[in-house]
Amino acid sequence: MSLTPSTMLELGTPAPGFTLPDTGSGTLVSLDDFHEHPALLVAFICNHCPYVKHIADAFSEFAREYRDKGLAVVAISSNDIDHREEDGPEHMAKEVERRRYVFPYLFDESQEVAKAYKAACTPDFFLFDGDRRLVYRGQFDDSRPGNDKPVTGKDMREAVDALLGGKPLPSEQTPSIGCNIKWKPGNEPGYS
């Protein structure tokens, strides 16, 4: 495991498009499917990473809570399944059931979507406004495996509450940190 921070993509960046298979439903999901939502959170996660496992139940609960407030959530796994078989689509579908995810969990086999977002770690979060401009990128909260801080989603909640409430978002945004995305050999992006 290589501990990796998020790249902190420039605020205001438009959300890159995607069309990927949802491992839970088997359907294709695209960025345009969320056009009616005033906010969209794109989360790069996976099944095996201890940093994702640490927040997974709280993240699932957060998504259920904020769904009725107007936040759309989509999760994407971009890991090379030759490196981590447990991050493959069949295991992802089981994770959807186990964690009771209410959002699509998409598989980015080519890793092109991860590259378009400059995703670097799991978890890596990108919050977009109604115009699909990036307004927050950073940590869910400051809890990490082994630091004994409770998982609250404090940073993400503050950002989403501000966005949905029409208030300024936090200017101080702390990078997320976690396992590096498992790139296919020869497919590593220049920013990793």
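Every value quoted in this text rests on a predicted model; they were computed, and no experiment measured them.

A. Layout of the nonpolar core. Residues Leu41, Phe59, Phe62, Leu71, Phe125, Leu127 and Met156 are the most contacted members of the largest nonpolar core, which totals 33 residues. Broken down by secondary-structure element, the contributors of at least two residues to this core are β4 (39-44), α1 (50-67), β5 (71-77), α2 (89-99), β6 (105-107), β8 (124-128), β9 (134-138) and α4 (154-164). At eight residues, the largest contribution of residues to this core is made by α1. Contact partners of Phe59, with chain neighbours within four places excluded, come to Leu41, Ala43, Val73, Phe103, Phe125 and Phe140.

B. Up close: the pairing of β8. The buried count for β8 comes to five of five residues, which makes it a mostly enclosed element. Side chains Asp124, Phe126 and Phe128 project from β8 onto one buried face, and the interleaved Phe125 and Leu127 project onto a second face that is buried too. Sheet topology note: the β4/β8 ladder contains five bridges and is antiparallel. If you follow Phe44 over to β8, its bridge partner there is Asp124. The pairing of β8 with β9 spans four bridges and is classified as antiparallel. Counted as the bridge partner of Phe128 is Leu134 from β9. Joining the antiparallel neighbours β8 and β9 is a turn of five residues, in which Arg132 adopts a positive phi near 60 degrees.

C. Up close: empty space enclosed by the protein. Evaluation of the coordinates by the stated rule reveals one cavity of 30 Å³ or more. As a volume, the largest cavity reaches approximately 80 Å³. Counting residues per element, the lining of the largest cavity draws most heavily on α1, at three residues.

Procedures and definitions
- Residues numbered from 1 in each chain as written.
- Predicted model: local features only at pLDDT ≥ 70, side-chain atom pairs only at ≥ 80, totals over all residues.
- Heavy atoms only, no water.
- Core = buried A, V, L, I, M, F, W, Y, C linked by side-chain atoms within 4.5 Å.
- Buried < 20%, exposed > 50% of the residue type's maximum accessible area, 1.4 Å probe, protein only.
- Helix = DSSP H or I, 4+ residues; strand = E, 2+ residues; numbered from the N terminus.
- Contact = heavy atoms within 4.5 Å.
- Pairing = 2+ DSSP bridges.
- 1 Å grid on protein atoms, 1.4 Å probe; cavity = no way out; pocket = protein on both sides within 12 Å on 5 of 7 lines; lining within 4 Å.
- Points joined across faces, edges and corners; volume = space filled by probe spheres on them.

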